[in-house]
Amino acid sequence: MVEVLQFSLLGLELWRWVLLAVAVVAVAVMDTLQYHHSRSVFRTTPRTGFWGPAQYAWLRRYVGSDRTQGKRSYLRNPIAQVVIYPFHDGWHLAKTVALVCLIAAIAPAWPSALALWGGYYVVFTLFYKQLLRRPRIAE
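Presented here is a report on the structure given in the accompanying data block. Small disclaimer: the values here were computed from a predicted structure and weren't measured.

Before going further, it helps to spend a moment on the packing of aromatic side chains. Applying the stated criterion across every chain yields a total of two aromatic pairs. With centroids separated by 5.1 Å and ring planes inclined at 15°, the aromatic side chains of Phe-42 and Trp-51 adopt a geometry described as stacked. Arranged with centres 5.0 Å apart and planes meeting at 80°, the rings of Phe-50 and Trp-51 form a pair that is edge-to-face. For Phe-50, a relative accessible area of 28% puts it in the partly exposed group.

Turning our eyes to something else, we now look at helix α4 (residues 90–106). When the terminal C-alpha atoms of α4 are compared, their 24 Å separation across 17 residues agrees well with the 24 Å that a helix rising 1.5 Å per residue should span. Listing the buried residues of α4 in full gives Gly-90, Trp-91, Ala-94, Thr-96, Ala-98, Leu-99, Cys-101, Ile-103, Ala-104 and Ala-105.

This part takes up empty space enclosed by the protein. Per the stated rule, a full pass over the model turns up one cavity of 30 Å³ or more. Roughly 30 Å³ of volume is contained in the largest cavity. Split by residue class, the lining of the largest cavity holds four nonpolar, two polar and three charged.

Judged by nonpolar contacts, Ala-26, Val-29, Met-30, Leu-33, Phe-42, Ala-54, Trp-91, Ala-94 and Ala-98 together constitute the single largest core of nine residues. The biggest single contributor to this core is helix α2 (residues 14–35), with four residues. The residues contacting Trp-91, other than those within four sequence positions of it, are Met-30, Leu-33, Gln-34 and Ala-54.

Let us look at α2. The end-to-end C-alpha distance of α2 is 31 Å, a good match for the 32 Å that 22 residues give at a rise of 1.5 Å each. Taken residue by residue, α2 has Arg-16, Ala-23, Ala-26, Val-29, Met-30 and Leu-33 as its buried positions. Along the long axis of α2, the arc covered by the buried residues comes to 140°, so they all point the same way. Set apart from the buried face of α2 by more than 90 degrees, the exposed residues are Val-24, Val-25 and Tyr-35.

Reading the values: the criteria
- Residues numbered from 1 in each chain as written.
- Predicted model: local features only at pLDDT ≥ 70, side-chain atom pairs only at ≥ 80, totals over all residues.
- Heavy atoms only, no water.
- Phe/Tyr/Trp six-rings, centres within 6.5 Å; stacked < 30°, edge-to-face > 60°.
- Buried < 20%, exposed > 50% of the residue type's maximum accessible area, 1.4 Å probe, protein only.
- Helix = DSSP H or I, 4+ residues; strand = E, 2+ residues; numbered from the N terminus.
- Expected span 1.5 Å × (residues − 1).
- 1 Å grid on protein atoms, 1.4 Å probe; cavity = no way out; pocket = protein on both sides within 12 Å on 5 of 7 lines; lining within 4 Å.
- Points joined across faces, edges and corners; volume = space filled by probe spheres on them.
- Nonpolar A, V, L, I, M, F, W, Y, C, P; charged D, E, K, R; others polar.
- Core = buried A, V, L, I, M, F, W, Y, C linked by side-chain atoms within 4.5 Å.
- Contact = heavy atoms within 4.5 Å.
- Arc of directions from axis to C-beta.

This is how it looks when you write it as structure tokens:
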């Protein structure tokens, strides 16, 4: 078994190639949910279902997929959002799998992979939630 894992192709061990392949499959799932849901194996999923179209994923944050009923209780806690949200819908799950696999494949050791993951999350959150969003304009 160890000999199989030590097999290398183009200078990369087999396990790194497997992680890269899983990451590529996850990105394909993301693109399918985002752009080709109606022609995919996920097409029978309701729009607010776990494997529903990515453009409706935000509706899953609300009770009964209705913004007027408020956020689901587990999403009111900021720490729970960090832990649970990556598994909240198919698109975010696929993105999490892709990032974890890519970081694990390129990092030389697990502590480095965890540091890369943490750095990615901090920078992404800073830009996505703070710098790139405009305040909501009252209607």
